[in-house]
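Spelled out from the first residue to the last, the chains are:
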Amino acid sequence: MLKLLNRAYNNQSYDAHISPLIVKKMYGFLCHEVKNNWSNLLNSQKQIRYKSYNRFLDYSKVPRLEENDLQEQHVRGSGPGGQATNKTNNAVILKHKPTGLVIKCHQTRSLEQNRNIAREILLRKLDNLVNGLDSLESQQERLMKKDSIKKRQKKKKLADLKNKFMERENLK
């Protein structure tokens, strides 16, 4: 399209009344493309928005995992996956020696990913065990409950306002 537009301006062999039509079509096409790209961008931003509580959480009490305290084994996993599952040792069993917590992770086919996931799960369970109500999960749960209470109160208030308006205007 741009080549056609460029040719229309540089080459005077086109009729004078055809060039403005080409320019008008091109302008409409480009505006349409920009509008579509902008709306796609806005829609994608709406889809990835979610409520994150990470900035409100207290990370100071989260325990640290020492590699000396961990005992790691690699075993064969089970379930779907065919040869990658049946002939390779890509499942990870991770044991925390001081507490005796044992985690088995076989979420992916990759050994490295399973090792990382197992450490995250072990850290979360250790945090719940050591900190109890001050763990990250319980802090996040409390924040979510508080938000849901606020949402319910707001919904109720708006419903009351709507009912009062309907009564006042005799629309019922």
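An unreviewed UniProt entry annotates the chain as Probable peptide chain release factor C12orf65 homolog, mitochondrial of Bombus impatiens. In the Sequence similarities (unreviewed entry) part of its UniProt record, the chain is described as follows: "Belongs to the prokaryotic/mitochondrial release factor family." Its UniProt record gives the chain a comment under Subcellular location (unreviewed entry), which states: "Mitochondrion".

**Looking at the environment of V92**
Turning to its location among the elements, V92 is positioned in strand β2 (residues 91-96). The class for V92 is buried, based on a relative accessible area of 0%. Between the C-alpha atom of V92 and that of N116, which follows or precedes it by 24 residues, the distance is 9.6 Å. In contact with V92, other than residues within four places in its own chain, are E72, Q73, H74, I103, K104, C105, L111, N114, R115 and A118.

**Some points on the pattern of salt bridges**
In total, this model carries 6 salt bridges according to the counting rule given. One salt bridge connects K61 with D134, and the closest N-O pair in it is separated by 3.0 Å. Of this pair, K61 sits in the loop between α2 (18-48) and β1 (70-75) while D134 is found in the loop between α4 (111-131) and α5 (136-168), placing the two residues 73 residues apart along the sequence. In this structure, the salt-bridge partner of E112 is R115, at a minimum N-O distance of 3.3 Å. Of this pair, E112 and R115 both sit in helix α4, 3 residues apart, which is roughly one turn of that helix. Judged by relative accessible area, E112 falls into the partly exposed class, the value being 45%. Given a relative accessible area of 24%, R115 falls into the partly exposed group.

**As for the sheet that holds β2**
The antiparallel open sheet is built from 3 strands, whose spatial order is β1-β2-β3. The open sheet terminates on both sides in strands that have one partner only, identified here as β1 and β3 (101-105). Ignoring which end each strand starts from, the neighbouring axes of this sheet average 15 degrees apart. Pairing geometry for β1 and β2, over 6 bridges, is antiparallel. Pairing of Q71 across the sheet is with K95, part of β2. The strands that α4 touches are β1, β2 and β3; relative to β3, the one it contacts most, it runs at about 145 degrees.

Thresholds applied
Residues numbered from 1 in each chain as written. Predicted model: local features only at pLDDT ≥ 70, side-chain atom pairs only at ≥ 80, totals over all residues. Heavy atoms only, no water. UniProt positions renumbered as here; feature names shortened; annotations may be inferred. Helix = DSSP H or I, 4+ residues; strand = E, 2+ residues; numbered from the N terminus. Buried < 20%, exposed > 50% of the residue type's maximum accessible area, 1.4 Å probe, protein only. Contact = heavy atoms within 4.5 Å. Salt bridge = Lys/Arg side-chain N within 4 Å of Asp/Glu carboxyl O. Pairing = 2+ DSSP bridges. Axes fitted to C-alpha atoms, helices over the stretch in contact; angles between N-to-C directions.

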